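Given next are the chains, with one letter for each unit.
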Amino acid sequence: DSGVTQTPKHLITATGQRVTLRCSPRSGDLSVYWYQQSLDQGLQFLIHYYNGEERAKGNILERFSAQQFPDLHSELNLSSLELGDSALYFCASSVAGYGTGELFFGEGSRLTVL
Amino acid sequence: GESVGLHLPTLSVQEGDNSIINCAYSNSASDYFIWYKQESGKGPQFIIDIRSNMDKRQGQRVTVLLNKTVKHLSLQIAATQPGDSAVYFCAENGGATNKLIFGTGTLLAVQP
């Protein structure tokens with residue numbers, strides 16, 4: 001158990017819909033990272049928050065947004081869903097805020113868009 | 001775009017043999033590298049990391065080698081065990097980017 005909690009574990013929805021994925025980092029970790037993992041793309045970096053502030057953005061679509069709240073949990077919002085958004089979405093947390101140091105990953109949220 | 005690539009998508013080894021998983025990274029500004037292991041149905045788990053001021057770092061049964069001249073990273077696993085079967089990812093930080101960019105992964109299959 002990494003100490004990172006992601007909910008929901010599985011989610012099935014239809015195209016055009018909007019979903020919210022939630023992540024609770026390990027106790028004491030200020031950084032939260034979001035990654036998308038699909039079969040043909042590996043782990044794609046989406047976004048990094050540190051202590052409530054956005055630190056870095058990756059290949060995150062405009063239809064996607066995220067935020068980190070004062071209690072350090074984070075949410076990833078995916079809207080106008082398309083079939084290609086079906087993937088595993090991982091959240092990871094770390095103490096460091098500079099893209100170094102061990103990232104602790106959650107078990108992921110599997111999104112299926114029908 | 002940014003990318004970290006792996007030479008071999010699948011590596012099959014016999015139990016007890018040593019495994020070598022290779023990785024080419026693209027950003028010469030990267031100064032931190034990390035290897036992760038992902039078992040089926042689970043999130044990635046940290047194996048070992050290395051900073052650019054080092055060429056080699058050893059852990060328990062694992063060794064990471066870094067060749068900055070050719071931008072190459074490798075993970076060596078000694079006496080490979082069935083429990084080592086997983087997908088292995090290398091990742092780089094791209095310098096001061098606040099990101100950790102992962103490669104596409106190599107599947108290590110350990111034959112008993």
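Here the structure is shown first, and the text comes after it.
Residues numbered from 1 in each chain as written. Chains lettered and ligands numbered in written order. Predicted model: local features only at pLDDT ≥ 70, side-chain atom pairs only at ≥ 80, totals over all residues. Heavy atoms only, no water.

(A) Summary view of the environment of Asn22 of chain B. Residues and elements named next belong to chain B. Relative to the elements of secondary structure, Asn22 occurs in strand 3 (residues 19-25). Looking at Asn22, the relative accessible area reads 21%, which means it is partly exposed. For the pair formed by Asn22 and Tyr36, sequence separation is 14 residues and the distance between their alpha carbons is 13 Å. In this structure the side chain of Asn22 is engaged in a polar contact, spanning 3.4 Å, whose partner is the side chain of His72. (Helix = DSSP H or I, 4+ residues; strand = E, 2+ residues; numbered from the N terminus. Buried < 20%, exposed > 50% of the residue type's maximum accessible area, 1.4 Å probe, protein only. Polar contact = N/O pair within 3.5 Å; in protein donor to acceptor, adjacent residues only side chain to side chain.)

(B) Fine view of the interface of chain B and chain A. Taken together, the contact pairs 20 residues of chain B with 21 residues of chain A. At the boundary of chain B with chain A, total buried surface from both sides reaches about 1600 Å², with 56% on carbon and sulfur atoms. Remark: the boundary between chain B and chain A carries four residue pairs in polar contact (both at pLDDT 80 or more). Elements supplying a minimum of two residues to the side of chain B that touches chain A: strand 4 (32-38), strand 5 (45-51) and strand 10 (101-102) of chain B. Per-element tally for the side of chain B that touches chain A: the top contributor is strand 4 of chain B, with four residues. Of the residues in the side of chain B that touches chain A, the class split is nine nonpolar, eight polar and three charged. (Contact = heavy atoms within 4.5 Å. Buried area = accessible area lost by both parts, 1.4 Å probe. Nonpolar A, V, L, I, M, F, W, Y, C, P; charged D, E, K, R; others polar.)

(C) View of the sheet that holds strand 1 (residues 5-7) of chain A. Residues and elements named next belong to chain A. Here four strands make up an open sheet; going across it, the order is 1-3-8-7 and the pairing antiparallel. For this open sheet the edge positions go to strand 1 and strand 7 (64-68), each flanked by a neighbour on one side alone. Averaged over all adjacent pairs, the angle separating strand axes in this sheet is 15 degrees, with direction ignored. Of the strand pairs in this sheet, strand 7 and strand 8 (residues 74-78) are connected by five bridges, and their pairing is antiparallel. Bridge pairing in strand 8 places Ser65 opposite Asn77. (Pairing = 2+ DSSP bridges. Axes fitted to C-alpha atoms, helices over the stretch in contact; angles between N-to-C directions.)

(D) A look at the pattern of salt bridges. Residues and elements named next belong to chain A. Per the counting criterion, the structure on display carries nine salt bridges over all chains. Across the salt bridge formed by Asp29 and Arg26, the nearest N and O atoms sit 2.8 Å from each other. Residue class for Asp29 comes out buried when judged on its relative accessible area of 1%. Classification of Arg26 as partly exposed rests on a relative accessible area of 23%. Each of Arg63, Glu82 and Asp85 takes part in one network of salt bridges that share partners. (Salt bridge = Lys/Arg side-chain N within 4 Å of Asp/Glu carboxyl O.)

(E) Looking closely at the environment of Ile34 of chain B. Along the chain, the position of Ile34 of chain B falls in strand 4. A relative accessible area of 0% places Ile34 of chain B in the buried class. For the pair formed by Ile34 of chain B and Leu73 of chain B, sequence separation is 39 residues and the distance between their alpha carbons is 9.4 Å. Sequence-distant contacts of Ile34 of chain B, that is, excluding residues within four places in its chain, are made with Gly101 and Glu102 of chain A together with Phe46, Ile48, Asp49, Phe89, Cys90, Ala91 and Leu100 of chain B.

(F) The arrangement of the side chain of Asp85 of chain A in detail. Residues and elements named next belong to chain A. Along the chain, the position of Asp85 falls in the loop between strand 8 and strand 9 (87-94). For Asp85, a relative accessible area of 3% puts it in the buried group. If we ignore the near neighbours within four places in the chain, the residues touching Asp85 are Gln36, Leu61, Arg63, Phe64, Ser80, Leu111 and Val113.

(G) Spotlight on the packing of aromatic side chains. One pass over the full model with this rule turns up eleven aromatic pairs over all chains. On the numbers, 5.2 Å between centres and 80 degrees between planes, the contact of Tyr35 of chain A with Phe102 of chain B is edge-to-face. Pair noted here: Tyr35 of chain A is in strand 4 (residues 31-38) and Phe102 of chain B is in strand 10, and the two residues belong to different chains. Grouping residues by exposure puts Tyr35 of chain A and Phe102 of chain B together as buried. Centre to centre, the rings of Tyr25 of chain B and Phe33 of chain B are 4.5 Å apart; their planes meet at 50 degrees, and the pair counts as tilted. Under the relative-accessibility criterion, Tyr25 of chain B is labelled buried at 7%. On the accessibility criterion, Phe33 of chain B (1% relative accessible area) is buried. (Phe/Tyr/Trp six-rings, centres within 6.5 Å; stacked < 30°, edge-to-face > 60°.)

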